[in-house]
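Summary of the model geometry
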Amino acid sequence: MTAWRRPVLVRGPLGVVTAIELAFFLMFLALLVWFYSAFINLDLSKIHVKPGEKMWQAKLDRAALRLGHVGTLCCAFLFFPVARGSSLLQLIGLTSEASIKYHVWLGNLAMLFFAAHGLCYITVKWARTKVANVPGELALLSGLVMWVTALPRVRCQMFELFFYAHHLYAVFLMFFALHVGVAFFCSVLPGVFLFMVDRYLRFLQSRARVRLISARLLACDAVELNFCKSPCLTHSPMSTLFINVPCVSRLQWHPFTVTSSSSLEPDRLSVVVKRAGSWTEKLYETISSLPPSQPGHLDVSVEGPYSQTTPASFLQYDSLVMISGGGGITPFISVIRLLIHRSGTAAEAVTPSLLLIAVFKTSADLAMLDLIVPASGGFSDVSRLELRIEAFVTRESAPSAGDVAVAHKVPAEEVLFKPSPSHAPITPLLGHNGWLWLAAVISSSFFIFLLLVGTVQRLYIYPVDGNSNRVYPWAARTLLNLLFLCIGIAVAASAAVLWNKRGSAEEAKQVENVVTPASSPATWLDKPRGGNAEVESSPLHYLEQATTVHFGRRPDLRGMLLEIGGTNVSVMASGPPGLLEDVATICSSHSARNLHFASISFSW
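Residues numbered from 1 in each chain as written. Predicted model: local features only at pLDDT ≥ 70, side-chain atom pairs only at ≥ 80, totals over all residues. Heavy atoms only, no water.

1. A few points about the pairing of strand β13 (residues 547-551)
Put simply, the rule reads: Residue burial is assigned from relative accessible area. The probe radius is 1.4 Å, only protein chains are included, and a residue is buried under 20% of its type maximum, exposed over 50%, and partly exposed in between. For the purposes of this entry, the term helix denotes a DSSP run of H or I that reaches at least four residues, the term strand denotes a run of E that reaches at least two, and both are numbered from the N terminus. Any two strands are treated as partners once DSSP identifies two or more bridges connecting them.
Of all 5 residues in β13, 4 are buried; the element is thus mostly enclosed. The sheet contact formed by strand β11 (residues 387-393) and β13 spans 5 bridges and is parallel. Looking at the pairing, Ile389 lines up with Thr547 of β13.

2. With respect to a nonpolar patch on the surface
How we decide: The residues that make up patches have over 30% relative accessible area and no salt bridge, and they are joined within 9 Å when like-charged or within 5 Å when they are Val, Leu, Ile, Met, Phe, Trp or Tyr. Note on areas: these come from Shrake-Rupley sampling with a 1.4 Å probe, and a residue is covered only by the protein chains present in the view. Think of a salt bridge as a Lys or Arg side-chain nitrogen and an Asp or Glu carboxyl oxygen that are within 4 Å of each other.
There is a patch of nonpolar side chains on the surface, built from Val134, Leu138, Leu141 and Val145 and spanning about 320 Å² of accessible area. Relative to the helices and strands, Val134 resides in helix α5 (residues 133-149).

3. Brief notes about the packing of helix α10 (residues 189-206) against helix α14 (residues 434-465)
Note the following rule: Axis angles are defined between N-to-C directions and span 0 to 180 degrees, where every axis is a line fitted to C-alpha atoms and, for a helix, only to the segment in contact. Reported orientations rely on four angle classes, namely roughly parallel under 35 degrees, roughly antiparallel over 145, roughly perpendicular from 65 to 115, and oblique for the rest. Put simply, a crossing is left-handed when the front helix is turned counterclockwise from the back one by less than a right angle, and right-handed when it is turned clockwise. The contact rule is simple, with two residues in contact once any of their heavy atoms fall within 4.5 Å. When residues are grouped by polarity, Ala, Val, Leu, Ile, Met, Phe, Trp, Tyr, Cys and Pro land in nonpolar, Asp, Glu, Lys and Arg in charged, and all others, Gly among them, in polar.
Where α10 meets α14, the axes come as close as 11 Å, and the angle between the chain directions of the two elements is 120°. By the angle between their directions, the pair α10 and α14 is classed as oblique. Where α10 crosses over α14, the two elements pack in a sense that is right-handed. Residues Leu189, Phe193, Leu194, Val197 and Leu201 of α10 touch α14, and the partners they reach there are Leu438, Val441, Ile442, Ser445 and Phe446. Grouping the amino acids of the contact of α10 with α14 by side-chain chemistry returns 9 nonpolar, 1 polar and no charged.

4. What about the pairing of strand β8 (residues 301-306)?
Counted residue by residue, β8 has 6 buried out of 6 residues, so it is predominantly covered. Looking at chain direction, strand β5 (residues 240-244) and β8 are connected through 4 bridges and run antiparallel. Opposite Phe242, over in β8, you have Glu303 as the bridge partner.

5. Some remarks on the packing of aromatic side chains
To keep things clear, this is the line we draw: Each Phe, Tyr or Trp ring (for Trp, its six-membered ring) is paired with any other whose centre lies within 6.5 Å, and the angle between the two planes then decides the class: stacked below 30 degrees, edge-to-face above 60, tilted in between.
Under the definition given, this model contains 17 aromatic pairs. Seen in terms of ring centroids, Phe242 and Tyr306 are 6.1 Å apart; in terms of plane orientation they differ by 70°. Their pairing is edge-to-face. Of the two residues, Phe242 is situated in strand β5 and Tyr306 in strand β8; the sequence distance between them amounts to 64 residues. Given the relative accessible area of 14%, Phe242 is considered buried. With a centroid separation of 5.7 Å and 45° between ring planes, the pair formed by Phe446 and Phe449 is classed as tilted.

6. Some points on the nonpolar core
Note the threshold: Here, the term nonpolar core denotes a set of buried Ala, Val, Leu, Ile, Met, Phe, Trp, Tyr and Cys residues that are joined through side-chain atoms within 4.5 Å.
Leu32 and Phe185 are the most contacted members of the largest nonpolar core, which totals 53 residues. Per-element tally for this core: the top contributor is helix α4 (residues 100-122), with 9 residues. Other than its neighbours up to four places away in sequence, Phe185 contacts Leu173, Phe176, Ala177, Val180, Val192 and Leu482. Listed in part, the 36 residues of the second largest apolar core include Ile336, Phe360, Val373 and Leu543.

7. Things to note about the sheet that holds strand β3 (residues 212-217)
In a beta sheet, neighbouring strands are held together by backbone hydrogen bonds and run either parallel or antiparallel to one another. Reading across from one edge, β7-β4-β3-β12 is the order of the 4 strands in this open sheet, with antiparallel pairing throughout. Where the open sheet ends on each side, the last strands, each with one partner, are β7 (268-274) and β12 (413-416). Sheet twist, expressed as the mean angle between neighbouring strand axes with direction ignored, is 20°. Sheet analysis places strand β4 (residues 222-228) next to β7, joined by 7 bridges and oriented antiparallel. The partner of Cys228 across the bridge, within β7, is Arg268. Contacts between helix α11 (residues 278-288) and the sheet are confined to β3, β4, β7 and β12, with β4 contributing the most and set at about 70° to the helix.

8. A look at the UniProt feature "transmembrane region" (unreviewed entry) in the chain
Heads up, the condition is: UniProt positions are given in the numbering used here, feature names are shortened, and annotations may be inferred rather than shown by experiment.
The UniProt feature table records "transmembrane region" (unreviewed entry) at residues 20-42, 63-82, 102-124, 131-150, 170-197, 435-454 and 474-499. The span residues 131-150 shows a helical share of 85% and a strand share of 0%, and its end C-alpha atoms are spaced 29 Å apart. The distance from the first to the last C-alpha atom of residues 435-454 is 29 Å, and the span holds 100% helix and 0% strand.

9. Observations regarding the environment of Val497
Looking at the element boundaries, Val497 is found in helix α15 (residues 474-511). Each C-alpha atom of the pair Val497 and Leu201 lies 8.2 Å from the other, and the pair is 296 residues apart in sequence. When near neighbours in sequence (up to four residues on either side) are disregarded, Val497 contacts Leu201, Leu204, Leu429 and Leu430.

10. Observations concerning empty space enclosed by the protein
For the record, the criterion: Grid points spaced at 1 Å and placed over the protein atoms alone form the basis of the search, with a cavity being a set where a 1.4 Å probe fits but cannot get out and a pocket an open set showing protein on both sides within 12 Å along at least five of seven lines. Lining residues have an atom within 4 Å of a point. Grid points are joined across faces, edges and corners, and a volume is the space filled by probe spheres set on the points.
Applying the stated criterion across every chain, the model contains 3 cavities of 30 Å³ or more. Volume-wise, the largest cavity comes out at about 50 Å³. Lining the largest cavity are Phe159, Glu160, Phe163, Tyr164, Gln252, Trp253 and His254. Ranked by residues supplied to the lining of the largest cavity, first place goes to helix α7 (residues 159-165) with 4 residues. Across the lining of the largest cavity, the residue classes break down as 4 nonpolar, 2 polar and 1 charged.

11. Observations concerning the confidence of the model for the chain
Defined as follows: pLDDT is a per-residue confidence score from the predictor, ranging from 0 to 100.
Averaged over all residues, the pLDDT of the chain equals 81, while 82% of them reach at least 70. This model gives residues 400-409 a pLDDT under 50, and the stretch forms 19 contacts once residues within four places in sequence are excluded. Counting contacts from residues 514-535, a segment whose pLDDT is below 50, to residues more than four positions away or on other chains yields 54 contacts.

12. Regarding the sheet that holds β8
An order of β6-β5-β8 is seen for the 3 strands of this open sheet, with the pairing classed as antiparallel. Because the sheet does not close on itself, it has two edges, and the strands there are β6 (254-257) and β8. This sheet shows a mean twist of 25° between the axes of neighbouring strands, independent of strand direction. Inspection of the sheet shows β5 paired to β6 by 4 bridges, in the antiparallel sense. The residue bridging Ile243 from the neighbouring strand is His254, located in β6.

13. Regarding unusual backbone geometry
Here the amide bond leading from Gly304 into Pro305 is cis, since omega sits at 5°, within 30 degrees of zero. Its place among the elements puts Pro305 in strand β8. Positive phi, normally seen in glycine, also occurs at Asp221, with a value near 60°. By the element assignment, Asp221 lies in the loop between β3 and β4.

14. A short note on the pattern of salt bridges
Counting across every chain of the model gives 15 salt bridges. Note that Glu224 is salt-bridged to Arg216, the shortest N-O span being 2.7 Å. Among the residues examined, Glu224 registers a relative accessible area of 1% and is labelled buried. By relative accessible area, which is 2% here, Arg216 ends up buried. The residue Glu390 makes a salt bridge to Arg388 at a minimum N-O spacing of 3.0 Å.

Written out as structure tokens, the structure reads:
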């Protein structure tokens, strides 16, 4: 599988694509081609020309119909990758972040076929048929709006437009169901149903306010938010947490990588927010304006965390190479904390050697390395971990004094928050056995849906329609089915959440006395050199000795990667697309194949 996991396409419209992803993509394209050709050949062999209709119009009508069917086939898989909390992705080894690009591929294919479907029917005479044309046009229009606003250039420059326009998926699904009818809508129902369950559960979680313990302001215009969490909530390294701060914006939700480790900090969860936009700038100013000596108050809601990997995926390698650009270092903080904790607590634990290549623009950004040491402390002996950090400052020359501390004089500032009775620790939404409760929610909600459909069909629709499918309106029947689907999901999911909320309330009482740090740990870049045995044996001193800072140049990634020995090496990259493409190009080159890179992950 090592060769299959190597990137084969790097600088293309599909992004960074591994060999196994390309193979599945080509097989799916072959499925679409076979699906279309099989139906169109059957239709053309038995084509019937209606009175007043020309042959080319009849052929175009059948071709357009089958284009819509191919688009529906793409739509049947469209919603599976965006069900963040679904256990289905974990069963097949996918993560919610990595599977987003599959959603993008399927969305582009679906809208391509749907647009061709609608374009073909523009040239065909508009006739009164069994298919509702107006809902089809409205579904296509809403889909085109989502498609255009999701283009990479529009999404990067106007992300809020893309985000809010993508909520038109509800309009698209409703009019799509009215256009094709209930029976044909069942072809896309599995993916839509799982997505709706996941979306409603995320909605319920986002209504609660969570307890924010403290915030650590770094000199690089970044802030680390430390939340209180239940010890039963475990998350994997590189997990993602969505955050909403009502005083900044009631509607905006932003994803951030979790930097804490469940094993090292069982009662805390931390994320880092870099000051890089209007929302992050307002949040940074709001927190920095609070007096450090007096605890402040801040309402925060969260969704997640959503795990991106498992700890075992890091422990199976002999060496880990992590390459980051700017704020891209945050996904690797949790990995380093996990391995440092493992090496310091398990006497016989075997941990891989670590090489962190961090690229920063200015020396102030070196403060991001302070995040390796959590605000709550907790590190013991880290000397058994083989860690090497190569930091590169690209826009500044080396300080004249030759000391790294010159580039980092501003210590981190700790801001404390007072707890509120309405704030609760972050807990698992569905309790300890979340996957079991999720299965119960899915099965029970679908049972409620079938029960409501059968009851209304037997007691209300059948007496009117007489099973003729001609009297009772199809539009009303479709809307009733969609309504019953929503009711079933709402009843089952709400009941499961309320049942688990009682147990979460008891656990919240046990962790409400979490010790809040009086001050942040000293930054290792400010530590004096030598002369103090306690300092020399501290984790801060060890991290200082393991770090080499290079000024005024960029790293030679090809040379550094090819120098790494061993046959079981994992390379991970996080940062701007240009950096990711460079790393992928090196890993896919012929000279790098002898290194047997076992895993390559990319965070966009």
